[in-house]
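Coordinates in review
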Amino acid sequence: MPSYDYSGAAQTNLLTVFRSSLTHKRDIFTEHHHTAFEITMVLSGSGIYSTKTGDFSFEKDDIFFFSTDEFHWIKHLNSNAEFLNIHFEPRFIWSENFGFSNKELIKIFFSRKKKPLNKIPCNENSALVIRNLIFNIENEIALKKQEYETMLKVHIVNILVEIMRYCEGQLSEHDVSYSTQSLKYMEDALNYIDEHIESELTLETLSDVAHMSKTYFCCQFRKLNGISPWEYITIKRIERAILYIESTNLTRLEIATKCGYNNTANFYHAFKRVTGKTPGDYKKLSTDILPKRSQ
């Protein structure tokens, strides 16, 4: 199944669905985090999934979910493993530009009282419900029937509702009292970042785009996206750098420049902070043990 990208007005990937595989070669410590929420289903294999707050054994049909900026990685494999991954930006849920807004559902990722809380075991009924919904998403992408993009969001929302029910009593309150206008302005700011990621970005510019004061903008940005504007920008720049590393022969300086950095020192520092690796180490890993996406 090819990866599928749900693109918004700014042509930025808001929903990506793909299968990935890991070969049982050796222990794998490739921690990563991103600006998207992640829901992952284990299709085959077993091992240990790790976060900064704990380890989780995994086996076929287990479900995992991770928030924005939440480090996670495969710590150990008992055998070859395959996963079905869904990544979607928080605004795919809270924006009203994608059929309907369900901003209250972001509390699943931002308001967990009990940590670590990242796994729904395969023997839970919720895992069965979510597995079926994930396969429905794959079918919608494969068949592309009328209004299939709307159905993608319907299935994602149903998955989040099921996770919320599974986590009942373990979620704290999360302020979701945002006006339609403020959500639109925040989305304008996010689109601006994505369209100018290679350029110098300032808090003044972003807060002006969002029609907010700098302090209020930073506060609202974190509430809606789980990370600060600068964390978002850094991760987005490194995600772009990874694409260049994996698909081009550009020099490190050329990649740094294309990703908004004016020198390699700042680029290397940001890259290691996001991926835990240097660009050179990542290049080697990308041809060795990093998860491979199905094409």
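A short note on the environment of Asn-125
One can find Asn-125 in helix H3 (residues 125–143). Residue Asn-125 is classed as exposed on the basis of its relative accessible area, which comes to 53%. Residues Asn-125 and Tyr-166, spaced 41 residues apart in sequence, show a C-alpha to C-alpha distance of 9.2 Å.

Quick notes on the pattern of salt bridges
Under the defined criterion, the tally for this structure stands at 13 salt bridges. With a shortest N-O distance of 2.8 Å, Arg-19 and Glu-138 are connected by a salt bridge. Taken together, the residues Arg-19 in strand E2 (residues 13–22) and Glu-138 in helix H3 connect sequence positions 119 residues apart. Salt bridges linked by common partners bring Arg-19, Glu-82 and Glu-138 together as one network.

What to know about the sheet that holds strand E4 (residues 47–51)
Pairing is antiparallel in the open sheet, where three strands are placed in the order E5-E4-E7. A single partner strand is all that each edge strand has here, and the edge strands are strand E5 (54–58) and strand E7 (72–77). Averaged over neighbouring strand pairs, the angle between their axes works out to 25° when direction is ignored. Of the strand pairs in this sheet, E4 and E5 are connected by five bridges, and their pairing is antiparallel. Opposite Ser-50, over in E5, you have Asp-55 as the bridge partner.

A short note on the nonpolar core
Core analysis: the biggest nonpolar cluster contains 67 residues, and Ile-39, Phe-88, Leu-160 and Ile-163 have the highest contact counts within it. The contact partners of Phe-88, leaving out residues within four places of it in the chain, are Leu-14, Leu-15, Ala-36, Phe-37, Ile-39, Ile-93, Phe-109, Ile-156 and Leu-160. Counting 11 residues, the second-largest nonpolar core is a separate cluster that includes Leu-22, Tyr-49, Phe-64 and Leu-77.

Some thoughts on the environment of Ala-256
In this structure, Ala-256 sits in helix H9 (residues 252–258). Taking the C-alpha atoms as reference points, Ala-256 and Arg-240, separated by 16 residues in sequence, lie 9.8 Å from one another. Contacts of Ala-256, omitting those with residues within four sequence positions, involve Tyr-261, Asn-263 and Phe-267.

Topic: helix H5 (residues 180–195)
With 16 residues, H5 should reach 22 Å at 1.5 Å per residue; the first-to-last C-alpha distance of 22 Å fits that figure. Regarding H5, the residues found buried are Ser-182, Leu-183, Met-186, Glu-187, Ala-189, Leu-190, Asn-191, Ile-193 and Asp-194. Looking at the packing, one finds that the buried side of H5 touches helix H1 (91–94), helix H6 (203–209), helix H7 (214–225) and helix H8 (229–247).

Re the pairing of strand E3 (residues 37–44)
Strand residues, when the strand is regular, have side chains that alternate between the two faces of the sheet. Counted residue by residue, E3 has seven buried out of eight residues, so it is predominantly covered. Where E3 lies against strand E8 (residues 81–88), seven bridges are found, and the strand directions are antiparallel. Residue pairing in the sheet places Glu-38 in a bridge with His-87 of E8. When E3 meets strand E6 (residues 63–66), the two strands line up antiparallel, connected through four bridges.

Details of the packing of aromatic side chains
By the definition in use, this model includes 19 aromatic pairs. Within the aromatic cluster, the residues linked to one another by ring pairs are Phe-37, Phe-65, Phe-88, Phe-92, Phe-109 and Phe-110. Sitting over the face of the ring of Phe-71, Lys-52 holds its NZ or CZ atom 4.9 Å from the ring centroid. The ring of Tyr-261 has Arg-237 sitting right over it, with the charged end atom 5.6 Å from the ring centre.

Focus: the state of the cysteines
Per the stated rule, a full pass over the model turns up zero disulfides. The thiol of Cys-218 is unpaired, and the distance to the nearest cysteine sulfur, on Cys-219, comes to 8.8 Å.

Regarding the packing of H5 against H7
As a packed pair, H5 and H7 sit with axes 11 Å apart at the nearest point and diverge in direction by 90°. Comparing their axes, H7 and H5 come out roughly perpendicular. In contact with Leu-183, Met-186, Ala-189, Leu-190 and Ile-193 of H5, H7 contributes Phe-217, Gln-220, Phe-221, Leu-224 and Asn-225. Split into classes, the residues belonging to the contact of H5 with H7 amount to eight nonpolar, two polar and no charged.

Some thoughts on helix H10 (residues 264–275)
Over its 12 residues, H10 runs 16 Å from end to end, which matches the ideal 16 Å to within 8%, given 1.5 Å per residue. Restricting attention to buried positions, one finds in H10 the residues Phe-267, Ala-270, Phe-271, Val-274 and Thr-275. Down the axis of H10, the buried side of the element spans an arc of 110°, and every buried residue falls inside it. For H10, the exposed residues lying more than 90 degrees away from the buried face are Ala-265 and His-269. For H10, the side-chain oxygen to backbone nitrogen distance between the N-cap and Ala-265 is 3.1 Å, and the N-cap itself is Asn-263. Where H10 terminates, the next one or two residues include Gly-276, which has phi positive at roughly 80°.

What counts, and where the lines are drawn
Residues numbered from 1 in each chain as written. Predicted model: local features only at pLDDT ≥ 70, side-chain atom pairs only at ≥ 80, totals over all residues. Heavy atoms only, no water. Helix = DSSP H or I, 4+ residues; strand = E, 2+ residues; numbered from the N terminus. Buried < 20%, exposed > 50% of the residue type's maximum accessible area, 1.4 Å probe, protein only. Salt bridge = Lys/Arg side-chain N within 4 Å of Asp/Glu carboxyl O. Pairing = 2+ DSSP bridges. Axes fitted to C-alpha atoms, helices over the stretch in contact; angles between N-to-C directions. Core = buried A, V, L, I, M, F, W, Y, C linked by side-chain atoms within 4.5 Å. Contact = heavy atoms within 4.5 Å. Expected span 1.5 Å × (residues − 1). Phe/Tyr/Trp six-rings, centres within 6.5 Å; stacked < 30°, edge-to-face > 60°. Lys NZ or Arg CZ within 6 Å of the ring centre and 35° of its normal. Disulfide = S-S within 2.5 Å. Parallel < 35°, antiparallel > 145°, perpendicular 65-115°, else oblique. Nonpolar A, V, L, I, M, F, W, Y, C, P; charged D, E, K, R; others polar. Arc of directions from axis to C-beta. Polar contact = N/O pair within 3.5 Å; in protein donor to acceptor, adjacent residues only side chain to side chain.

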